[in-house]
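# Structural description and commentary
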Amino acid sequence: MFDTHAHLDFDEFDHDRDELFNEMEAKNIRQILLPGVSPDLWGKQLAIAQQYQCYFALGIHPWYLPIDIDAALVQLEQHIITNQTNPLFVAIGECGLDKLRPDFERQQTLFEQQLHLAKKYQLPVILHAVKCHALLIELLTKTALVQGGVIHGFYGSVEVAKQYQKLGFKLGIGGLILNPAAQKLHKVVAELPLELFVVETDSPSMTPINQLEKRNTPLILPLIIEKIAFLREISTVPILEQLNKNALQLFEL
Ligand SMILES: [Zn+2]
């Protein structure tokens with residue numbers, strides 16, 4: 001199993017990271033992608049990626065808007081160049097737009113520049129998108145990325161999902177699917193081609209409801225896959241196989 005979005009470099013995992021990776025291995029969760037969020041955190045993120053052999057992406061998340069956007073983007077490009085030959089480095093992100101957070105205009109400046117870097121270095125993007133699908137689709141159409149990317153933690157209608165599909169994007173399906181109230185998402189996962197999806201947990205965030213531990217971990221991946229199988233009324237075996245294929249194709253592995 002491939003968790004395409006897990007922040008296992010975050011402090012929440014400092015006290016038991018070894019144990020967690022052992023448990024994941026026992027459950028056959030062997031591929032992890034650590035998305036980048038801020039220049040201040042890339043150092044630790046890359047060290048953990050190297051130590052545990054996780055794939056990683058480099059980017060600046062809209063929740064971590066830098067005071068000096070231009071300087072942060074220069075740093076990002078330097079990191080991209082330094083890591084170009086690192087086989088674990090696979091994408092730009094996570095970056096994007098969040099309507100529920102402040103400074104939307106500055107978010108957009110930061111985001112568009114990261115799209116340009118993705119295009120320049122021919123890398124896929126990992127996108128954070130909250131309440132801004134129409135604008136995001138407009139920007140992605142304008143930029144016309146070669147490698148596409150993934151809308152991480154996708155939540156939207158079948159119509160919106162189809163627009164991303166047309167742009168060559170994948171949709172990251174996470175713990176939200178385990179919520180009985182997430183019917184819009186259930187419909188997307190039941191009706192659209194399996195080629196469109198990858199799975200993720202966004203650990204330590206997005207803990208599914210009804211879970212005792214507050215911290216989310218990749219150990220919930222089998223539950224997500226079972227739920228997808230249930231919604232599509234087929235067994236988990238072909239689901240797993242296709243989802244893995246999708247992730248490998250997306251990140252060119
Ligand atoms: Zn994330």
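Please refer to the structure higher up on the page.
Below, the structure is looked at part by part.

Calculation criteria
Residues numbered from 1 in each chain as written. Predicted model: local features only at pLDDT ≥ 70, side-chain atom pairs only at ≥ 80, totals over all residues. Heavy atoms only, no water. Phe/Tyr/Trp six-rings, centres within 6.5 Å; stacked < 30°, edge-to-face > 60°. Helix = DSSP H or I, 4+ residues; strand = E, 2+ residues; numbered from the N terminus. Buried < 20%, exposed > 50% of the residue type's maximum accessible area, 1.4 Å probe, protein only. Lys NZ or Arg CZ within 6 Å of the ring centre and 35° of its normal. Core = buried A, V, L, I, M, F, W, Y, C linked by side-chain atoms within 4.5 Å. Contact = heavy atoms within 4.5 Å. Pairing = 2+ DSSP bridges. Right-handed = clockwise from strand over helix to strand, strands pointing away. Expected span 1.5 Å × (residues − 1). Arc of directions from axis to C-beta. Axes fitted to C-alpha atoms, helices over the stretch in contact; angles between N-to-C directions. Parallel < 35°, antiparallel > 145°, perpendicular 65-115°, else oblique. Nonpolar A, V, L, I, M, F, W, Y, C, P; charged D, E, K, R; others polar.

### Some points on the packing of aromatic side chains
- What the rule picks out here adds up to 5 aromatic pairs.
- Consider the rings of Phe56 and Phe89, whose centres lie 5.5 Å apart with planes at 25 degrees: the pair is stacked. Residue Phe56 is located in strand β3 (residues 55–58), and its partner Phe89 is located in strand β4 (residues 89–98); the two are separated by 33 residues in the primary sequence.
- On the basis of relative accessible area, Phe56 is assigned to the buried category, the value being 1%.
- When the ring of Phe154 is compared with that of Tyr164, the centres are 6.2 Å apart and the planes differ by 85 degrees; the resulting orientation is edge-to-face. Taken as a pair, Phe154 in the loop between β6 (149–152) and α6 (158–166) and Tyr164 in helix α6 lie far apart in primary sequence, 10 residues in all. Across the pair, exposure class does not vary: Phe154 and Tyr164 are buried alike.
- In textbook terms, an aromatic cluster arises when at least three aromatic residues are bridged by ring pairs, as seen for Phe2, Tyr55 and Phe251.
- It is Lys99 that lies over the ring of Phe104; its NZ or CZ is 4.6 Å from the centre.

### Focus: the nonpolar core
- If you look at the biggest cluster of nonpolar residues, it comprises 88 residues, and the most contacted ones within it are Tyr164, Leu171, Phe197 and Ile228.
- Apart from the residues within four sequence positions on either side, Ile228 is in contact with Ile173, Ile177, Val189, Leu194, Val199, Ile239 and Leu243.

### Some details on the pairing of β3
- Here β3 shows a buried face lined by Tyr55 and Ala57 and a second buried face lined by Phe56 and Leu58.
- With 2 bridges joining them, strand β2 (residues 31–34) and β3 adopt parallel strand pairing. Its bridge partner being in β3, Leu33 is matched across the sheet by Tyr55.
- Regarding the hand of the β-α-β motif, the stretch spanning β2, helix α2 (residues 39–52) and β3 is right-handed.

### Let's talk about helix α9 (residues 236–250)
- Helix length check: α9 (15 residues) gives 21 Å between terminal C-alpha atoms against 21 Å at 1.5 Å per residue, within 8%.
- Among the residues of α9, Ile239, Gln242, Leu243, Asn246, Ala247 and Leu250 are the ones counted as buried. For α9, the angular spread of the buried residues around the axis is 135 degrees, confining them to a single face. Turned more than 90 degrees away from the buried face of α9, the exposed residues are Val237, Glu241, Lys245 and Gln249.
- The inward-facing, buried residues of α9 contact β1 (2–3), β6, β7 (169–173), β8 (197–199) and α8 (221–232).

### Concerning the packing of α2 against helix α3 (residues 69–83)
- Two elements in contact, α2 and α3, have axes separated by 10 Å at closest approach and are oriented at 20 degrees. The angle between α2 and α3 falls in the class roughly parallel. Between α2, through Pro39, Trp42 and Leu46, and α3, the contact on the second element is made entirely by Ala72, Gln75, Leu76, His79 and Asn83.
- Residues that form the contact of α2 with α3 fall into these classes: 5 nonpolar, 3 polar and no charged.

### Concerning helix α1 (residues 17–26)
- Those residues of α1 lying buried are Arg17, Leu20, Phe21 and Met24. Along the long axis of α1, the arc covered by the buried residues comes to 95 degrees, so they all point the same way. Summarising the geometry of α1, the exposed residues directed more than 90 degrees from the buried face are Asn22 and Ala26.
- Those residues of α1 that are buried are in contact with β2 and α2.
- One or two residues past the end of α1 sits Asn28, with phi positive at roughly 70 degrees.

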